Every structure is written in structure tokens, then in C-alpha cells.
Amino acid sequence: MRMPQARGPLSQALTSALADRPGGRRAVPMGTAGRADPYGEDLQLALYLCYELHYRGIDRVADDWEWDPRLLDARAALERRFLAALRRDVPRHPDVASALAELLVEPAGGTGVSAYLRDEGEHWQLREYAALRSLYHLKEADPHAWVLPRLTGRAKAGMVAVEYDEFGAGHADRAHSQLFAELMTDLGLDAHYGRYLESGTADVLATVNLMSLLGLHRGLRGGLVGHFAAVEIASSPGSRRLAQAMERTGAGPAAVGFYTEHVEADAVHEQLVRHEVIGGLLEQEPGLEPDVVLGLDATVWLEDRLGDHLMSAWRTGHSAVRVPL
């Protein structure tokens, strides 16, 4: 992935540091992190870049930066600001059962971005949606795999079963990230990993940063399971609407096929995640229930923020991306 342009003092300090060699003694300056907008462009881009070193890396940035103590200190400052804001701002259900119950029920016909794209969406809006979502879908199952060594028993077995499907069930051409790359090609987009980071707004970066944050910290394993559940449970009905949107606009067979695959697969995954992954985790570690709730509710809350951004732009005929595609 290419290094993007900085969006403020935090991301500027980080990009400047990463241009140097790792292993030095000077701190990566994050003194303003405690006062930065936790959902703003600057902090979210800086955090995204810190996390990207744990995925596929950044062009011309040395691999040794991944575990450099100075970078970890800088990342921790950004994480504290983001996580504290989520704990403060996200309305939370009293327990997992009530959070899941709300996720499992939606108005007839659906609401939000997927319903809008199905009924009214234009080709340019589908392209913007796919470009923004590529920041997640091209790494789709990766952050959830970090929780595997932190689980045991039913929770681990259920998680592995779902992840196996996400990675293509042994077939590289069926991996969901590969299917999404083919969707992008159908829409005339560049399917290279990280290509549309410059176009991604803070709202979309936050949805990806949440899963990286939860995945990289063993102490937040309950939150990662909650995030995973929210994604899988909401996926099937939303994917059906998006498949219909792609079909209505003539987006192409790969574009339709990606979402059709998720309609079928995630309907099965939802059952596994609820009964085996969450059920198995809380049977062994009931004290993690508040973290599971946080993961569930924070995922929905950040997705709603992103949806509000997209809808407010599109309904007024404006683009929802920072940089034109």
C-alpha cells in the first residue's frame, strides 16, 4: 500500500517517522492525541497506518517498524483516545441477549444504505460504496483470525468453521477478499489492496480500525467476538439487497455474485456465531459479556455513522468520497 497524504498533525508526525529507519531513540510525537477528535480524519488515518503494518505493510516502510517500541507507544496513545470515546459515546444494551435480539429484527424491506442502493442507487454510487468498502473487504477475514489463539473449545471451533469459509474453504479463488476484488473489477475499479485509502473518509476508517483494535488486543477478545457477530448477523439481509442493487444496475456477474455468496454463507454463519462462538465463549468466560456487548454495539454505531455520511451525501447528489475515484 502506498503512503497516503497526512490529514493533520498526528498523521503528519507518523508519516514523517515511518519515512525514517526504525530503531531510533526519538519518540513518535503524539502529544496532541489526547485532545484530537477521536472520530476525525487525522487520528483515524494515523491509527489506520499503525495497524496496516500488521497486515501487508506500507510501501517503502521497513518491516521492523511493526514492533518498534516508539511506534507502539504512539499507537497506544491513539487507541486510548479512540477506545475511551467509544466507551463514552456508544449506547449499550444491558446484555448480549438484548443486543442480539435487536440485530436479528429489521423493518420489512430493510433500511439504510443497502435499501437505498437497491431501490434508487446509481452506478456511480455503487462504485463509491465498493471503493470505500474495499478498505475492509480486501482484508475481510484477517483481523478476526487474530482471536483464534485466544479462544478454546466451542468458541474456537465455531470461529474456525466460519473463518474457513471466509478464506475460501481451501480454494484461493473463492476467498471472499478475492471475490470482492472481482466485484471491483466488474465496477471498473482498481482492485489493488489499499488503492482507495485516500478516498476513504474518517467514518469508513473508523469501522476498519475498530476490528483491528479489538483483534490485536487479547484483553479485548470479547469485543472482537462481538464485532464478528454483528458483521455476520447483519450481513445476510443486507447482502441480498446489495445483490439486487448490483443486478438492477447491470454491475456484472462478479459484482452480483459476491453478495449472493454472502446471502447464503452468512445465514449459516449467523447461527454458528451466536450459538457456538458467543455461547461457547461466555460459557467459559462469563465475565467477558460486557466486552461482547461493546463489540456488538460499537460495530452497529460506527456503521450507522458511516451510513449517515453516505446517505447525506448521496441524497443531495454529492460524492461521499474524499478524493474522486
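Here, every reference points to the structure presented above.
One structure accompanies this document, and this report is about it. (Residues numbered from 1 in each chain as written. Predicted model: local features only at pLDDT ≥ 70, side-chain atom pairs only at ≥ 80, totals over all residues. Heavy atoms only, no water.)

Re the overall build of the protein
Within the protein, the regular secondary structure consists of 13 helices and zero strands. Written out in order from the N terminus, the α and β elements of the protein read α-α-α-α-α-α-α-α-α-α-α-α-α. Oriented by its inertia axes, the alpha-carbon framework of the protein measures out at about 55 × 50 × 40 Å. By residue count, 54% of the 325 residues in the protein fall in the buried class. Excluding contacts between residues fewer than 6 apart, the proportion of contacts in the protein whose partners are at least 24 apart in sequence is 81%. Carbon together with sulfur atoms contributes 52% to the accessible area of the protein, which is approximately 13900 Å² in total. Within the protein, one finds 33 positive and 46 negative side-chain charges whose respective centroids are separated by 6 Å. (Helix = DSSP H or I, 4+ residues; strand = E, 2+ residues; numbered from the N terminus. Buried < 20%, exposed > 50% of the residue type's maximum accessible area, 1.4 Å probe, protein only. Contact = heavy atoms within 4.5 Å. Areas by Shrake-Rupley, 256 points an atom, 1.4 Å probe, with all protein chains shown as cover. Lys, Arg positive; Asp, Glu negative; His and termini not counted. Charge placed at Lys NZ, Arg CZ, Asp CG, Glu CD.)

A word on the side chain of glutamate 79
Here glutamate 79 lies in helix H3 (residues 69–89). Given the relative accessible area of 8%, glutamate 79 is considered buried. Once residues lying within four places of it in the same chain are set aside, the contact partners of glutamate 79 are Leu47, Tyr51, Ala84, Leu213 and His217.

Examining the packing of aromatic side chains
Per the counting criterion, the structure on display carries six aromatic pairs. Considering the side-chain rings of tyrosine 55 and tryptophan 146, the 5.0 Å spacing of their centres and the 40° angle between planes classify their relative orientation as tilted. Separated by 91 residues along the polypeptide, tyrosine 55 in the loop between helix H2 (41–52) and H3 and tryptophan 146 in the loop between helix H7 (142–145) and helix H8 (153–166) bring together distant segments of the chain. When its relative accessible area of 22% is taken as the criterion, tryptophan 146 is described as partly exposed. (Phe/Tyr/Trp six-rings, centres within 6.5 Å; stacked < 30°, edge-to-face > 60°.)

Describing the nonpolar core
Met30 and Leu183 are the most contacted members of the largest nonpolar core, which has 107 residues in total. Among residues more than four places away in sequence, those in contact with leucine 183 are Ala130, Met246, Ala254, Ala255, Phe258 and Tyr259. (Core = buried A, V, L, I, M, F, W, Y, C linked by side-chain atoms within 4.5 Å.)

What about the layout of surface pockets?
A water-sized probe rolled over the atoms picks out the places where empty space is left. By volume, the second largest pocket amounts to about 260 Å³. Contributing to the lining of the second largest pocket are 14 residues, with Arg2, Gly194, Arg195, Tyr196 and Glu198 lying nearest its centre. Class assignment for the residues of the lining of the second largest pocket results in eight nonpolar, three polar and three charged. (1 Å grid on protein atoms, 1.4 Å probe; cavity = no way out; pocket = protein on both sides within 12 Å on 5 of 7 lines; lining within 4 Å. Points joined across faces, edges and corners; volume = space filled by probe spheres on them. Nonpolar A, V, L, I, M, F, W, Y, C, P; charged D, E, K, R; others polar.)

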